[in-house]
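Coordinate inspection notes
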Amino acid sequence: MDKTKYYIYCLEFPDEYNEKTGNRDATLRYIGKTNDLKRRWREHRKGNSSATRQRDWDKCRFILEDIGNKDNIKELEQKWIDYYGGVSQLLNRNNARSL
């Protein structure tokens, strides 16, 4: 049995310019999934993800859901993407379906 813990996370960047809508006071969000929070945080901070590159990391909020196992990780990630209005409303360019 896999004892690895999995997480759904949301990075929120308040008061940023939303290129998609032209809103200058937008809260931009990125929804993701990982089994290694420290590694994924470093990747985002280093600019490895084009969606979160060049953001104001001093204002970033990190919201987390500990989902335990991997069984329904894709469905839970999609739930949060849908909750925030779908991928078109997020920084996510593509809804990657693998972990």
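Parameters at a glance
Residues numbered from 1 in each chain as written. Predicted model: local features only at pLDDT ≥ 70, side-chain atom pairs only at ≥ 80, totals over all residues. Heavy atoms only, no water. Pairing = 2+ DSSP bridges. Helix = DSSP H or I, 4+ residues; strand = E, 2+ residues; numbered from the N terminus. Axes fitted to C-alpha atoms, helices over the stretch in contact; angles between N-to-C directions. Disulfide = S-S within 2.5 Å. Phe/Tyr/Trp six-rings, centres within 6.5 Å; stacked < 30°, edge-to-face > 60°. Buried < 20%, exposed > 50% of the residue type's maximum accessible area, 1.4 Å probe, protein only.

**Quick look at the sheet that holds strand S1 (residues 6-16)**
Strand order in the open sheet made by the 3 strands is S2-S1-S3, with antiparallel pairing throughout. Taken across any chain shown, the strands that pair with only one partner, and hence form the sheet edges, are strand S2 (26-34) and strand S3 (61-68). Averaged over all pairs of adjacent strands, the angle between their axes in this sheet comes to 15°, without regard to strand direction. Bridge analysis of S1 against S2 gives 8 bridges, and the strand direction is antiparallel. Paired with Glu16 across the strands is Ala26, a residue of S2.

**So, the state of the cysteines**
One way to say it: the disulfide is the covalent bond shared by the sulfur atoms of two cysteines. Scanning the model with the defined rule gives 0 disulfides in all. Free of any disulfide, Cys60 has its nearest cysteine sulfur in Cys10, 8.5 Å distant.

**Some remarks on the packing of aromatic side chains**
For the structure on display, the rule yields 8 aromatic pairs. For the pair Phe13 and Trp57, a centre-to-centre distance of 5.1 Å together with 85° between the ring planes defines the contact as edge-to-face. Note that Phe13 is positioned in strand S1 and Trp57 in the loop between helix H1 (37-46) and S3, a separation of 44 residues in sequence. Of the two residues, Phe13 and Trp57, neither departs from the other in class, the shared state being buried. Centroid distance Trp41 to Phe62: 5.5 Å. Interplanar angle 90°. Geometry classified as edge-to-face. Pair noted here: Trp41 is in helix H1 and Phe62 is in strand S3, with a separation of 21 residues, a long-range link.

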